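Structural characterization, general
So you can see what is in the structure, the chains are spelled out below.
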Amino acid sequence: MDGLNPYRTARVAEILADFQTLQYYIAAAPAEPDNSDDYYTEGWGTLRQCAIDGQNILDVAADTSVPVASGEDEQQKAELKQVLLDAYSRRHEAQKIYLRQGAAQRWVKFREQALQGGRPNSSNRSPLRACDHHLRAELAAITDEYVYSQLQASDAGKNRWLAEDPSLRSVLRWLRHRR
């Protein structure tokens with residue numbers, strides 16, 4: 001017995017709370033434009049995909065396969081580590097979705113500024129292209145490595161117990177097997 005199960009339990013609770021908050025924000029984001037002509041634009045397509053991805057990460061069944069360990073404390077440790085990987089991976093994916101939504105919502109604002117209440121035409125074509133280019137650049141910067149390091153820095157800043165957090169490789173493996 002290593003005596004760390006209370007820390008593991010608290011860590012799982014923190015991550016699940018973070019995930020729940022992220023899911024709330026993801027679900028609250030708009031996915032449909034006011035003007036149906038904008039439906040197939042890049043930003044609105046990104047927002048719709050984020051809504052779908054947010055629901056998918058909820059729909060993925062938990063991996064309940066846990067190796068059998070000797071002793072009650074060791075079994076609890078194995079179970080907590082499995083739940084930690086599951087929760088950590090879901091939070092990672094939710095954070096990535098949330099960041100993508102943020103980029104797309106900024107695109108909506110920039111696009112509205114470029115349109116100035118009007119519709120796309122030859123005089124605003126260049127600013128609209130710049131909006132699209134900026135969105136693609138922001139989305140490209142939201143990598144798994146970026147999300148992982150951002151979450152680690154945030155957790156460290158909150159003085160959370162990080163000793164047994166899964167590696168990025170473990171998180172990506174979990175995500176790959178659940179899609």
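The model shown is predicted, which means the values in this text are computed figures rather than measured ones.

Quick look at the overall build of the protein chain now. Summing up its helical and strand segments, the protein chain has six helices and zero strands in all. Mapped in sequence order, the helices and strands of the protein chain form the string α-α-α-α-α-α. Taking 16 Å as the expected radius of gyration for a compact globule of 179 residues, we find that the protein chain reaches 20 Å, considerably beyond that expectation. If one aligns the C-alpha atoms of the protein chain with their principal axes, the spans along those axes are about 70 × 30 × 25 Å. For the protein chain, the proportion of its 179 residues judged to be buried stands at 40%. Contacts spanning at least 24 positions in sequence make up 77% of the contacts within the protein chain whose residues lie at least 6 apart. Summing over all exposed atoms, the protein chain offers an accessible surface of approximately 10300 Å²; the carbon and sulfur share of this is 52%. Counting 23 positive and 25 negative side-chain charges, the protein chain places the centres of these two groups 6 Å from one another.

Throughout the structure, instances matching the rule amount to five aromatic pairs. Ring geometry for Tyr39 against Tyr40: centres 4.8 Å apart, planes inclined by 80 degrees, an arrangement best described as edge-to-face. For Tyr40, a relative accessible area of 73% gives the class exposed. Positioned over the ring face of Tyr39 is Arg48, at 3.6 Å from the centre of the ring. For the cation-ring pair, Arg91 lies above Tyr88, with the distance from its terminal atom to the ring centre recorded as 5.0 Å.

The next point concerns the packing of helix H1 (residues 5–28) against helix H3 (residues 72–115). Where H1 meets H3, the closest approach of the two axes is 8 Å, and the angle between their N-to-C directions is 25 degrees. With respect to H3, the axis of H1 lies roughly parallel. For H1 against H3, the interelement crossing comes out left-handed. Along the lines of polarity and charge, the residues of the contact of H1 with H3 split into 15 nonpolar, six polar and eight charged.

The next subject is the confidence of the model for the protein chain. As a general rule, the predicted coordinates of low-pLDDT regions are not to be interpreted in detail. Of all residues in the protein chain, 98% attain a pLDDT of 70 or more, and the chain-wide mean is 94. Averaged pLDDT values over the elements of the protein chain bottom out at 93 in helix H6 (residues 168–178) and peak at 98 in helix H5 (residues 144–157).

Below, the discussion takes up the packing of H3 against H5. Axis angle and axis distance: for two packed helices, these are the angle between their axes and the distance between the axes, and together they describe the pair. Two numbers describe how H3 lies on H5: the axes approach to 10 Å, and their chain directions differ by 110 degrees. Our classification of the angle between H3 and H5 gives roughly perpendicular. Residues Tyr88, Arg91, His92, Gln95, Lys96 and Leu99 of H3 touch H5, and the partners they reach there are Asp144, Tyr146, Val147, Tyr148, Gln150, Leu151, Gln152 and Asp155. The residue makeup of the contact of H3 with H5, split by class, is six nonpolar, four polar and four charged.

What follows covers the environment of Asn5. Position of Asn5 relative to the elements: it lies in helix H1. Using a relative accessible area of 8% as the deciding quantity, one classes Asn5 as buried. Once the C-alpha coordinates of Asn5 and Asp73 are considered, the two residues, 68 residues apart in sequence, prove to be 7.8 Å apart. Of the polar contacts made by the side chain of Asn5, one reaches the backbone oxygen of Asp73; its length is 3.2 Å.

Moving on to H5. Three- or four-residue spacings in an α-helix give side chains the same orientation, since the helix completes a turn every 3.6 residues. In this model H5 runs 20 Å from its N-terminal to its C-terminal C-alpha over 14 residues, within 8% of the 20 Å that 1.5 Å per residue would give. Among all positions in H5, only Asp144, Val147, Tyr148, Leu151 and Asp155 are buried. Seen along its axis, H5 keeps its buried residues to an arc of 100 degrees; they face one direction. Projecting away from the buried face of H5 at angles above 90 degrees are the exposed residues Ala153 and Gly157. In the core, the buried residues of H5 are packed alongside H1, H3 and H6. Just downstream of H5 lies Asn159, where phi reads positive at about 55 degrees.

Parameters at a glance
Residues numbered from 1 in each chain as written. Predicted model: local features only at pLDDT ≥ 70, side-chain atom pairs only at ≥ 80, totals over all residues. Heavy atoms only, no water. Helix = DSSP H or I, 4+ residues; strand = E, 2+ residues; numbered from the N terminus. Rg over C-alpha atoms; globule rule 2.2 N^0.38 Å. Buried < 20%, exposed > 50% of the residue type's maximum accessible area, 1.4 Å probe, protein only. Contact = heavy atoms within 4.5 Å. Areas by Shrake-Rupley, 256 points an atom, 1.4 Å probe, with all protein chains shown as cover. Lys, Arg positive; Asp, Glu negative; His and termini not counted. Charge placed at Lys NZ, Arg CZ, Asp CG, Glu CD. Phe/Tyr/Trp six-rings, centres within 6.5 Å; stacked < 30°, edge-to-face > 60°. Lys NZ or Arg CZ within 6 Å of the ring centre and 35° of its normal. Axes fitted to C-alpha atoms, helices over the stretch in contact; angles between N-to-C directions. Parallel < 35°, antiparallel > 145°, perpendicular 65-115°, else oblique. Left-handed = near helix turned anticlockwise from the far one by under 90°. Nonpolar A, V, L, I, M, F, W, Y, C, P; charged D, E, K, R; others polar. pLDDT = per-residue confidence, 0-100. Polar contact = N/O pair within 3.5 Å; in protein donor to acceptor, adjacent residues only side chain to side chain. Expected span 1.5 Å × (residues − 1). Arc of directions from axis to C-beta.

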